[in-house]
Amino acid sequence: MEWTVFKLIAWTETYFRKHGVDSPRLTAEILLGFSLGIRRLDLYLQHDRPLENQELTAFKALIKRRKNHEPLAYITGEKGFFESSFQVGPGVLIPRPDTETLVTTALDLLAREPVKSSTVLELGTGSGAIVVSLAKASPKNRFFAGDISGQALDIARQNAGREGGAKIDFFQGSWFDALQQRPFWDMILSNPPYIPTSDIRHLAPEIKDHEPMTALDGGNDGLDCIRDIIGCACHYLVPGGHLLLEMGFDQKRKVMAAAQSCTAYDGIEFIKDLADHDRVVHLKKKID
Ligand code: GLN
């Protein structure tokens with residue numbers, strides 16, 4: 001039998017479905033488009049194109065990787081997030097749609113200062129998807145982003161470069177370690193690790209066997225980094241400055257307790273994601 005684009009997609013869809021791969025049809029199309037170096041739309045325009053042996057061999061290798069639970073975004077090296085596509089790879093968390101809530105919340109706050117240029121700091125930037133999205137959508141502000149991992153920073157810098165050279169200063173360090181402690185920042189934001197250690201083993205193999213644990217494991221109850229950042233950020237924010245943190249959908253009570261134990265903030269707000277889960281906490285530093 002001659003393998004055409006159409007037949008190969010149909011076969012792969014069935015194979016992925018049998019092996020419990022997510023979105024089998026879409027995954028088959030994305031992988032074949034990637035393997036042939038053409039857009040998904042072109043797969044339809046070239047549906048009766050026969051595949052050469054070496055094309056089949058290369059595609060088979062990708063099918064096997066996905067069946068073995070390697071995340072699709074690591075295989076293609078790309079993930080769409082907010083309004084752009086980002087380079088990703090092992091060593092950085094794959095941007096999640098949930099995290100767009102953090103971006104839109106930050107943009108809403110930045111839009112309240114139409115003239116002033118704000119200084120914005122992202123901690124644990126990973127692929128840079130959050131800070132690059134912000135810099136692209138609101139370029140009048142000054143953006144800085146840190147990560148403990150040099151590998152992540154290389155990827156983040158490339159993503160900033162791809163987006164028309166979004167102007168961001170990247171630095172290496174764990175949370176606030178590399179920064180001078182002074183009230184300087186108008187906004188600090190982060191998507192820190194927040195999954196309780198004991199939940200990690202229940203995650204999908206795509207996550208637990210492939211994505212960086214440092215970006216996921218939030219310690220005993222998941223709140224280690226969130227508590228740390230809440231406690232420290234008030235020393236770095238200007239009076240009236242904003243702290244925005246992504247959190248787990250069931251962590252509202254604990255995050256509230258962490259925020260209330262720190263007297264430096266006087267506003268606390270929870271923002272829901274598109275699935276109606278509390279996803280972002282917004283703390284405002286007291287004016288004096
Ligand atoms: N929302 C992510 C997940 O469920 C976790 C991200 C994080 O810990 N920051 O995989």
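This text follows the structure it describes.
This one's a predicted model, so the numbers in the text were calculated from it and none came from an experiment. (Residues numbered from 1 in each chain as written. Predicted model: local features only at pLDDT ≥ 70, side-chain atom pairs only at ≥ 80, totals over all residues. Heavy atoms only, no water.)

Engineer: So what exactly am I meant to see when it comes to the overall build of the chain here?
Structural biologist: Secondary structure summary: the chain contains eleven helices and nine strands in total. At 21 Å, the chain has a C-alpha radius of gyration in line with the 19 Å of a compact globule built from 288 residues. Seen through its C-alpha atoms, the chain measures out along the principal axes to roughly 75 × 40 × 35 Å. Counting the 288 residues in the chain, one finds 52% classified as buried. When contacts within the chain are restricted to residue pairs at least 6 apart in sequence, long-range pairs at least 24 apart make up 65% of them. A total of about 14100 Å² of accessible surface is found on the chain, and carbon and sulfur atoms cover 52% of it. (Helix = DSSP H or I, 4+ residues; strand = E, 2+ residues; numbered from the N terminus. Rg over C-alpha atoms; globule rule 2.2 N^0.38 Å. Buried < 20%, exposed > 50% of the residue type's maximum accessible area, 1.4 Å probe, protein only. Contact = heavy atoms within 4.5 Å. Areas by Shrake-Rupley, 256 points an atom, 1.4 Å probe, with all protein chains shown as cover.)

Engineer: What's the story with the packing of aromatic side chains in this structure? I'm lost.
Structural biologist: The relative placement of two aromatic rings is captured by the distance of their centres and the angle of their planes. Applying the stated rule across the entire model yields seven aromatic pairs. Ring plane angle 90° and centroid distance 4.8 Å describe the contact between F184 and W185, whose orientation is recorded as edge-to-face. Here W185 falls in the buried class, since its relative accessible area comes to 5%. Here a set of aromatic residues connected by ring pairs shows up, and it is made of W3, W11, Y15 and F16. (Phe/Tyr/Trp six-rings, centres within 6.5 Å; stacked < 30°, edge-to-face > 60°.)

Engineer: Is there a simple way to think about helix α4 (residues 53-67) in this case?
Structural biologist: In an α-helix, one turn spans 3.6 residues; hence positions three or four apart end up facing the same way. In this model α4 runs 21 Å from its N-terminal to its C-terminal C-alpha over 15 residues, within 8% of the 21 Å that 1.5 Å per residue would give. Looking at α4, one finds that the buried residues are E55, L56, F59, L62, I63 and R66. End-on, the buried residues of α4 take up no more than an arc of 125°, which puts them together on one face. Turned more than 90 degrees off the buried face of α4, the exposed positions are N53, Q54, T57, K60 and K64. Positive backbone phi, at 75°, marks H69, one or two positions downstream of α4. (Expected span 1.5 Å × (residues − 1). Arc of directions from axis to C-beta.)

Engineer: Would you take a moment to explain the sheet that holds strand β4 (residues 142-147) for this structure?
Structural biologist: Hydrogen bonds along the backbone pair up the strands of a sheet, which may run parallel or antiparallel. Ordered by their spatial adjacency, seven strands build an open sheet running β5-β4-β3-β6-β7-β9-β8, and the pairing between neighbours is mixed. Strands at the two margins of the open sheet, each flanked by one partner only, are β5 (168-172) and β8 (265-272). On average, each strand axis in the sheet is tilted by 15° relative to the strand beside it, whichever way the strands run. Across seven bridges, the pairing between β8 and strand β9 (residues 278-285) is antiparallel. Paired with F270 across the strands is V281, a residue of β9. Lying over the sheet, helix α7 (residues 129-137) contacts β3 (119-123), β4, β5 and β6 (185-190), oriented at roughly 175° with respect to β4. Running at roughly 165° to β8, helix α11 (residues 252-260) makes contact with β8 and β9 of the sheet. (Pairing = 2+ DSSP bridges. Axes fitted to C-alpha atoms, helices over the stretch in contact; angles between N-to-C directions.)

Engineer: Hey, could you run me through the layout of surface pockets in this one?
Structural biologist: Unfilled space is identified by rolling a water-sized probe across the atoms. Size it by volume and the largest pocket reaches roughly 1200 Å³. Every residue lining the largest pocket is counted, 46 residues in all, and those nearest its centre are I94, R96, P97, I207 and E211. Of all the elements in the fold, those that place two or more residues in the lining of the largest pocket are α2 (24-36), α5 (72-76), β1 (78-81), α9 (205-208) and α11. The biggest single contributor to the lining of the largest pocket is α2, with four residues. Residues that form the lining of the largest pocket fall into these classes: 21 nonpolar, ten polar and 15 charged. Lining of the second largest pocket is provided by 34 residues; of these, G124, G126, D147, T214 and A215 occupy positions nearest its centre. (1 Å grid on protein atoms, 1.4 Å probe; cavity = no way out; pocket = protein on both sides within 12 Å on 5 of 7 lines; lining within 4 Å. Points joined across faces, edges and corners; volume = space filled by probe spheres on them. Nonpolar A, V, L, I, M, F, W, Y, C, P; charged D, E, K, R; others polar.)

Engineer: In this structure, what is going on with the site of the ligand? I would like to understand it.
Structural biologist: Around the ligand sit R96, N191, P192, P193, Y194, I195, I207, A215 and L216, and that is every residue in its neighbourhood. Separating an oxygen atom of the ligand from a side-chain N or O atom of R96 is a distance of 2.7 Å. At 2.7 Å, a backbone N or O of P192 approaches a nitrogen atom of the ligand. Coverage of the ligand by the protein chains reaches 86% of its 300 Å² of free accessible surface. When atoms are counted within 2 Å of each cavity's grid points, the one that captures over half of the ligand is the largest pocket. Its residues placed into classes, the shell around the ligand shows seven nonpolar, one polar and one charged. (Near = heavy atom within 4 Å. Polar contact = N/O pair within 3.5 Å; in protein donor to acceptor, adjacent residues only side chain to side chain. Sits in = over half its atoms within 2 Å of the grid points.)

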